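Fold and contact review
One-letter residues, chain by chain:
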Amino acid sequence: MYTREHPNFTRRHLLTGVATVLVVSALLPYTALSFAEKNNAIAHANEFSQFHHLSKLLTATPTLDSGLAAKYFAALQSLYPQFPQQIAQLHAKLPSNATAQQVQAIAKTEHMETLIQTMVAAWYTGTVGPNGDKKTHMVAYYDALLYAPNQDGLVVPTYCRNG
């Protein structure tokens, strides 16, 4: 006859362990974020969510990394302090199922073309700026969308200056 050797191990312990593993694995991509970037994304959660959504639409890349988006959002906000408010204004004017063409058309009528051009340029070049003070932030190097088409056969250049 079979007897249990570990009577203290229950189904609840198993489910708790599985849930813990799922939560930890979901949070792993965010470990590379600095404390300031996490706090910035949390403080502007609505605008960050809108920025991430608009970025996916405008770059036609539905798999943009949330952690990298938080870094771009922080860099854009540091160089352009009105950036979160501008994102909220643009997003408020969009229909719920907007396409990239609609976003561009609405941005043009609202005189926010520079806003979306800055966002797309950041994702593709990996840099944010220069702003009016000629400041530039390097955010991504290997993960810039510019290098995605030839990533398997071409080495990313070793030096990058101002995008």
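None of the values given here were measured: they were computed from a predicted structure. Residue numbers restart at each chain and count upward from 1, following the sequence in its written direction. Side-chain atom pairs in this predicted model are given and counted only at pLDDT of 80 or more, local residue features only at pLDDT of at least 70, and totals for whole chains, interfaces and linings cover all residues. As a rule here, side-chain values come from all non-hydrogen atoms in the structure, and water together with hydrogens is ignored.

As for the overall build of the chain
Helix and strand counts for the chain come out as seven helices and two strands. Secondary structure elements in the chain, listed N-terminal to C-terminal, are α-α-α-α-α-α-α-β-β. In the chain, the proportion of contacts linking residues at least 24 apart, taken out of those at least 6 apart, comes to 57%. For the accessible areas, the method is Shrake-Rupley and the probe is 1.4 Å, while residue cover comes only from the protein chains on display. Accessible surface, the chain as shown: approximately 11000 Å² in total, 58% of it carbon and sulfur. Put simply, DSSP marks the helices as runs of H or I at least four residues long and the strands as runs of E at least two long, and each gets a number from the N terminus on. By definition in these notes, contact holds between two residues if any of their heavy atoms fall within 4.5 Å.

Concerning helix 6 (residues 100-109)
Restricting attention to buried positions, one finds in helix 6 the residues Ala 100, Val 103, Ile 106 and Ala 107. All buried residues of helix 6 lie within an arc of 130 degrees about the axis, which places them on one face of the element. Facing away from the buried surface of helix 6 by more than 90 degrees, the exposed residues are Gln 101, Lys 108 and Thr 109. Buried residues along helix 6 sit in contact with helix 3 (45-59), helix 5 (83-92) and helix 7 (113-125). Of the residues one or two after helix 6, His 111 is the one with positive phi, at around 60 degrees. Exposed residues in this analysis have more than 50% of their type's maximum accessible area, buried residues have under 20%, and partly exposed residues fall in between, with area computed by a 1.4 Å probe over protein chains only. What the arc covers is the set of directions going from the helix axis to the C-beta atoms.

Some details on the packing of aromatic side chains
Stacked, tilted and edge-to-face are the three classes assigned to paired rings of Phe, Tyr and Trp, where Trp is represented by its six-membered ring and a pair needs centres within 6.5 Å; plane angles under 30 degrees give stacked, over 60 edge-to-face, the rest tilted. By the definition in use, this model includes six aromatic pairs. Between the aromatic rings of Phe 51 and Phe 73, the centroid separation amounts to 5.7 Å while the plane-to-plane angle is 45 degrees, which identifies the pairing as tilted. Taken together, the positions of Phe 51 in helix 3 and Phe 73 in helix 4 (residues 66-79) put the pair 22 residues apart, joining distant regions of the chain. Measuring from ring centre to ring centre gives 5.7 Å for Phe 51 and Phe 83, while their planes differ by 75 degrees; the resulting arrangement is edge-to-face. In this pair, Phe 51 sits in helix 3 while Phe 83 sits in helix 5, placing the two residues 32 residues apart along the sequence. One aromatic cluster in this structure is built from Phe 48, Phe 51, Tyr 72, Phe 73, Phe 83 and Trp 123.

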